[in-house]
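Coordinate analysis (summary)
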Amino acid sequence: MVFAAPRQALARAEEVLRSDPPPLHASVAHQVIGIWQRDWGDMRIALDHLRRARDLGARSESTDREADALAALGVALVHAGRTRQGLESLERGVAVSSGHTRAQVLFRRAYASWVLGRHRAALEDVRRAVPVLRQARDVIWTARALTLRATVHLALGAVERADADFTAAEALWDTTGQEHDKADAVESRGLAAYRSGDIPAALRLLDEAQERYAKLGTPTFMLTIRRCEVLMAAGLAPEALAEADAAIRVLDGIGGQSTLKAELLLAAARAARHAGDAHTAIARADMAVRLFAGQRRTWWETHARLVLIEARVAAGRGSGRLVADAAAVADRLASFGAPAAPEAALLAGRIALDLGWREDARRHLEVAARSRHSGPPLARMTGWAARALWARAMGSDRRVLEACRRGLDVLDDHRTTLGASELRARATAQGAELAGLAARASLASGGPRRLLVWSERWRATVLSAPPTRPPADPALLGDLTAFREIAARAEAARMEGRPVPTLEREQRRLEREIRSRTLHSRGDAPGDGYRFDPGRLLERLGDDVRLVELAVLDGRVQVLLCAQGRVRRFEAGLLADAEREAEHVQAGLRRLAHPGAEARVPVVEAAGRRLEELLLGPAAARLGSGPVVVVPPGRLHQVPWALLPSLRDRVFSVSPSASSWLRARDTVPPPGGRQVLVRGPGLATGGAEVPELAGRNGSATVLEHEDARVPRVLEELDGAALAHIAAHGTFRADSPLFSSLRMADGPLIVHDFERLDRSPYRIILSCCDTARFASVGADELLGLVTALLPLGTAGVVACSAPVNDEAVVPLMLTLHKGLSAGASLAEALRDARASLPGDAVHRATGWAFSAFGAA
């Protein structure tokens, strides 16, 4: 009963003990309380009750009772870090038992062996237990044994064997009322999905297990460990670190299992390393190593040592000693049959290369490269990275590029299984090293044109296809509606000065629900096989248009100027300097948005000149007089490009990639030319341009006041030729897909836009911060504008800084006038800027807006 209805079992056991029971019954009751405390409470209390259960079992003159209590105590002692005592108790349990009971004790010893990382011993005990349990028709224990055997197979990388055992166990669980065991089976299937590379299914199954555990009211420490693994594979390392650290605090608070604490520390160390926090990774990994060593868990200790070495290398502590340590870890992992062995060999090879130890590097990298043809995607990428590193050491750019291409193809196949744009974007971080190696090799061997090809190979790839969404997910739609209602109530309460902590908690809960549901989406189509063709780009640019793609090599901006049938390369400044200057410019624009800052204009203009020197360098003088397309890396999309002197008075647009610009250029506008004008609440001017634009165009659909509600707005936006939205914009750096536009019934968020069948061909966002993005993955962007581009939008006008609402009105009116005369968004925006008054507020407003795309 303790794994079917845990709290009821605990209450019943306490009731039995109050009735002065005989030793046999008292032993069972103490064992139930001990198991409950062992798995979900205080280990000290657990050990006390389990020792009483053992002693009372011996007094009951039932060897089976004594053996069962010995087995439960042995598992608890192992979890408490008292490995020798725990194994001795389990050995005694095997010795005094027989038949069916002995099979149950063997299962417990197998479980302890799994906890200790002794996988072959675990498999041997399960092999002996399963036939006996089946013969006894013990459905529950047979299902437990099959689940354990599957979990051990997963640890050894035998995914197909694990799947077979999980399937058999699940069929048995369906015939029982063991709710906690059922939840554990769902959790284990989530782990299997992750190991086979299906991240969305893994997240869905782990969330389902979480819901099942919540109904039982039991803590979920092991689930947290597994969820952290999946989050890291999905590129969500900061979230994994936060979850692991939170679980450690809870576990310490209840005096829980020492073994679980060590595993949580290891998960936190891995997450910190993936998140780029080397010092936190070192601290967590060092604690994990010491705990695992004290618990005699060599398999786990070796994995923790791998993370510790990786973190020390990331912190700049490479040394000959670390080469030897990494090699020893790789050998030990290989002896265990652990899938992480190639990762350790790659690490040893990488450190040896940095030290100039070529022969050592070759030996370790050849071992790591063996994983490139089999296993899950990240293991194969490890193999191709090893191949590329050795090819670079040998001076073969051709082999470097071939290895990088093969490795990135593996990652592309993996990303197509991910339906959510956020997961696809973050997954690209796993190929950043390959992309960097390829960029250096391409420049050395093929010049600017080849560098352009590789820059495009890895830039804004997520925008090549819209995210996957179920056609009508009622739960997601319900959560979105509830989120809008709560967010609107919270905003109203803030404006009235009322407290909002309860509403904010509910809003955060709904955000988690929405995000979880979107992350569960699986990619429903393979990649389109698109390969960037620089010849086609140059042909479409013609003689007049210049495309400027900014690549970054070793921290320095490389300007690739594409025009008149050629690709030329110019070297500009350091990326870090450009980022700092862009932040200064953003701060200056925020001040200029308010009257009285006229004296700051020369300062901001001077910053614009410095930005141009850092970003364009000598290429600024070779832009000609025609239109320009700027393709910046993800970390520079916050730049207000109109402030650069060479772009200030010309037609220019911004695009996440040259491929994205080509797709926008080829996008055909929808028939009918339908226009939609939307006016949200709370603007200082009341969205004053909308009524005047409606007066000019009597056929436009106007949504304002109560008509400007999210469902109606989405309905009208779908497939429109032109949409103009005047509404307050909010950028969420912490969660960019919850960036929003305020409508009458609450926020219109990026997740809403992603449900459109086709977003408007052209869209104008006349509000603050709508062109702000989060740079994630290798070189990907998440934000409002980038959500629109894969959905059929060919051109967007948006702004990257807070602006003065009143100054926006004349800019927008002139912009629309130009569009009515047949101009593109970039042309109309250039003319609208030129028509504004020359005061600081209006000039800053013009500089803050950019045209994106090619419409």
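That block above? That's the structure.
Residues numbered from 1 in each chain as written. Predicted model: local features only at pLDDT ≥ 70, side-chain atom pairs only at ≥ 80, totals over all residues. Heavy atoms only, no water.

1. Considerations on the packing of helix H1 (residues 6–17) against helix H2 (residues 23–40)
Following both chains from N to C, one finds H1 and H2 inclined at 145°, their axes separated by 9 Å at the closest point. At the point where H1 passes H2, the crossing takes the left-handed sense. Listed contacts from H2 to Pro6, Arg7, Ala9, Leu10, Ala13, Glu14, Val16 and Leu17 of H1 are His25, Ala26, Ala29, His30, Val32, Ile33, Trp36 and Trp40. Counted by class, the contact of H1 with H2 contains 12 nonpolar, 2 polar and 2 charged residues. (Axes fitted to C-alpha atoms, helices over the stretch in contact; angles between N-to-C directions. Helix = DSSP H or I, 4+ residues; strand = E, 2+ residues; numbered from the N terminus. Left-handed = near helix turned anticlockwise from the far one by under 90°. Contact = heavy atoms within 4.5 Å. Nonpolar A, V, L, I, M, F, W, Y, C, P; charged D, E, K, R; others polar.)

2. Section: the packing of aromatic side chains
For any pair of aromatic rings, the description consists of the separation of the ring centres together with the inter-plane angle of the planes. Counted under the stated rule, the structure contains 7 aromatic pairs. Aromatic pair Phe107 and Trp141: ring centres 5.5 Å apart, planes at 90°, arrangement edge-to-face. With a gap of 34 residues between them, Phe107 in helix H6 (residues 99–115) and Trp141 in helix H8 (residues 139–155) connect regions that are remote in the sequence. Owing to a relative accessible area of 11%, Phe107 belongs among the buried residues under this scheme. Taken together, the ring pairs connect Phe3, Trp36 and Trp40 into an aromatic cluster. Arg144 extends its terminal NZ or CZ atom over the ring of Trp141, reaching a point 4.8 Å from the ring centre. Here Arg372 stacks its cationic end above the ring of Trp384, 5.4 Å away from the centre of that ring. (Phe/Tyr/Trp six-rings, centres within 6.5 Å; stacked < 30°, edge-to-face > 60°. Buried < 20%, exposed > 50% of the residue type's maximum accessible area, 1.4 Å probe, protein only. Lys NZ or Arg CZ within 6 Å of the ring centre and 35° of its normal.)

3. Here we look at the pattern of salt bridges
All chains considered together, the criterion is met by 63 salt bridges. The salt bridge involving Asp39 is made with Arg38; its shortest N-O contact spans 2.8 Å. Accessibility classification places Asp39 together with Arg38 in one group, the buried group. Taking the shortest distance from any N to any O, the salt bridge between Arg536 and Asp666 comes out at 2.3 Å. You can see Arg536 sitting in helix H26 (residues 534–541) and its partner Asp666 sitting in helix H29 (residues 658–666), a full 130 residues away along the chain. Judged by its relative accessible area of 30%, Arg536 is partly exposed. (Salt bridge = Lys/Arg side-chain N within 4 Å of Asp/Glu carboxyl O.)

4. With respect to unusual backbone geometry
For Asp20, which is not glycine, the phi dihedral falls at a positive 55°. With respect to the helices and strands, Asp20 occurs in the loop between H1 and H2. One non-glycine residue, His705, lies in the positive phi region at around 55°. Tracing the backbone through its elements, the reader meets His705 in the loop between strand S7 (701–703) and helix H31 (710–717).

5. Thoughts on the packing of helix H34 (residues 805–820) against helix H36 (residues 840–848)
The interhelical angle for the contact between H34 and H36, taken along N-to-C directions, is 60°, at an axis separation of 9 Å. By the angle between their directions, the pair H34 and H36 is classed as oblique. Note that H34 runs across H36; the crossing there is right-handed. Only Val841, His842 and Thr845 of H36 make contact with H34, whose side of the interface consists of Ala807, Val808, Pro810 and Leu811. Residues belonging to the contact of H34 with H36 are distributed by class as follows: 5 nonpolar, 2 polar and no charged. (Parallel < 35°, antiparallel > 145°, perpendicular 65-115°, else oblique.)

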